[in-house]
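What follows is each chain in one-letter form.
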Amino acid sequence: MEEIQSLMHGFAVALTPTNLALMFTGIVLGVIIGVLPGLGGANGVAILLPLTFAMAQTPGGQTSAIILLSCIYWGALFGGAITSILFNIPGEPWSVATTFDGYPLAQQGRAGAALTAAFTSSFVGAFIATIVVTFLSPIIANFALEFGPPEFFAVYLLTFCAFIGMSKEPPFKTLAAMMTGFALAAVGTDPVTGTLRFTFGTVHLLTGFDFLIAVIGLFGIGEILLTLEEGLAFKGASARINLSVVLQTWKELPRYWLTSLRSAAVGCFMGIVPGGATPASFMSYGIARRFSKDGDKFGKGQVEGVVAPETAAHAA
């Protein structure tokens, strides 16, 4: 009952006109940040943090500042899916899995359906995770604090095994891609000993390779060159969202309720342990393809292939 009373008090504070306006502003700013490749939610919050300094000096301003910053972050989480679906350029690392089916849907002229599925799944994943955090936060905190080096190793090993076992490519290709990732991650300053690794005497490699930059380069540069070669034209003509598209997609989404619950469970687990949103999105996509009746059609434009990673990423 104490948690429910605190939740009701939180709603009473959050639903004031001022805080509702801050929510809307934060979501808009967050979506813009998420659409810009390479910026990211955490960086966007850090950049816009000075906006809240003056707010924090007023009575109740600290709560309003937290609302604004959290809405910026949530908006950035979803904003990465927009460029993933429309241009095959992930705005965030966890949006990579969304490109697998989101971009083919856009190429088929169903970008509106893909975007509707993405923002609806984002809400479902976030809603389930919020319920879990609200009522189980003490248990979750104690569970997370039990994790040490062996448990972290086990979680990452589980993630890598899931990549290989659920990939549609031959295991050797997936393993080679993972080894390339390990090689890139080894560049820079060792986080434990501070030793410089593979910097080749240049200061630019001290911080290593940023994962988001590598992903945008891998997906974005190839897509930009292909677009220039074929001409600056978007193949999916019907790329806008309207009410009829939203309602039609919402009629289709209940078919994937089990995928949503399964992906939310994966996302919550990977967020607690903590593995993070990126492995959660990949794992949920692989699990959805493995259990789906249309698993062989994944990667060719399945709405279910958008629902799974977006739900998991926001739940994480």
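Residues numbered from 1 in each chain as written. Predicted model: local features only at pLDDT ≥ 70, side-chain atom pairs only at ≥ 80, totals over all residues. Heavy atoms only, no water.

Caption draft 1: Representation of the packing of helix 6 (residues 111-145) against helix 10 (residues 243-252) within the structure. At their nearest, the axes of helix 6 and helix 10 sit 9 Å apart, and the two run at 60° to each other. Judged by the twist between their axes, the crossing of helix 6 over helix 10 is right-handed. In this structure, helix 6 uses Gly112, Ala113, Thr116, Ala117, Phe119 and Thr120 to contact helix 10, whose residues at the interface are Val245, Val246, Thr249 and Trp250. Here the contact of helix 6 with helix 10 is composed, by residue class, of six nonpolar, four polar and no charged. (Axes fitted to C-alpha atoms, helices over the stretch in contact; angles between N-to-C directions. Helix = DSSP H or I, 4+ residues; strand = E, 2+ residues; numbered from the N terminus. Left-handed = near helix turned anticlockwise from the far one by under 90°. Contact = heavy atoms within 4.5 Å. Nonpolar A, V, L, I, M, F, W, Y, C, P; charged D, E, K, R; others polar.)

Caption draft 2: The arrangement of helix 9 (residues 211-230) in detail. Its 20 residues give helix 9 an end-to-end C-alpha distance of 29 Å, which sits within 8% of 28 Å, the value for a rise of 1.5 Å per residue. The largest bend along helix 9 measures about 30° and falls at Gly217. Listed as buried for helix 9 are Leu212, Val215, Ile216, Phe219, Gly220 and Glu223. Packed against the buried residues of helix 9 are helix 4 (61-87) and helix 5 (96-107). (Expected span 1.5 Å × (residues − 1). Bend = angle between axes of the 7 residues up to and from the residue. Buried < 20%, exposed > 50% of the residue type's maximum accessible area, 1.4 Å probe, protein only.)

Caption draft 3: Fine view of the confidence of the model for the protein chain. Looking at the protein chain as a whole, its pLDDT mean stands at 84, while 96% of the residues score no less than 70. Considering each helix and strand of the protein chain separately, the mean pLDDT is smallest for helix 9, with a value of 76, and largest for helix 13 (residues 304-315), with 93. (pLDDT = per-residue confidence, 0-100.)

Caption draft 4: Quick peek at the layout of surface pockets. Of the voids in this model, the largest pocket is the one considered here, and its volume is about 1,500 Å³. Phe163, Ala177, Met178, Phe211 and Phe282 are, among the 38 residues lining the largest pocket, the residues nearest its centre. Mapped by element, the contributors of at least two residues to the lining of the largest pocket are helix 5, helix 7 (149-166), helix 8 (171-185), helix 9 and helix 12 (277-291). Per element, the largest residue contribution to the lining of the largest pocket is nine residues, and it comes from helix 8. Counted by class, the lining of the largest pocket contains 24 nonpolar, nine polar and five charged residues. Taken as a whole, the second largest pocket holds about 990 Å³ of empty space. Considering the residues around the second largest pocket, the lining is formed by 28 residues, among which Phe11, Met23, Trp74, Ala126 and Thr130 are closest to the centre. Mapped onto the lining of the second largest pocket, the elements with two or more residues apiece are helix 1 (2-14), helix 2 (17-35), helix 4 and helix 6. (1 Å grid on protein atoms, 1.4 Å probe; cavity = no way out; pocket = protein on both sides within 12 Å on 5 of 7 lines; lining within 4 Å. Points joined across faces, edges and corners; volume = space filled by probe spheres on them.)

Caption draft 5: Seen up close, the state of the cysteines. Under the criterion given, the structure shown has zero disulfides. With no disulfide of its own, Cys71 has Cys268 as its nearest cysteine by sulfur position, at a separation of 19 Å. Classification of Cys268 as buried rests on a relative accessible area of 12%. (Disulfide = S-S within 2.5 Å.)

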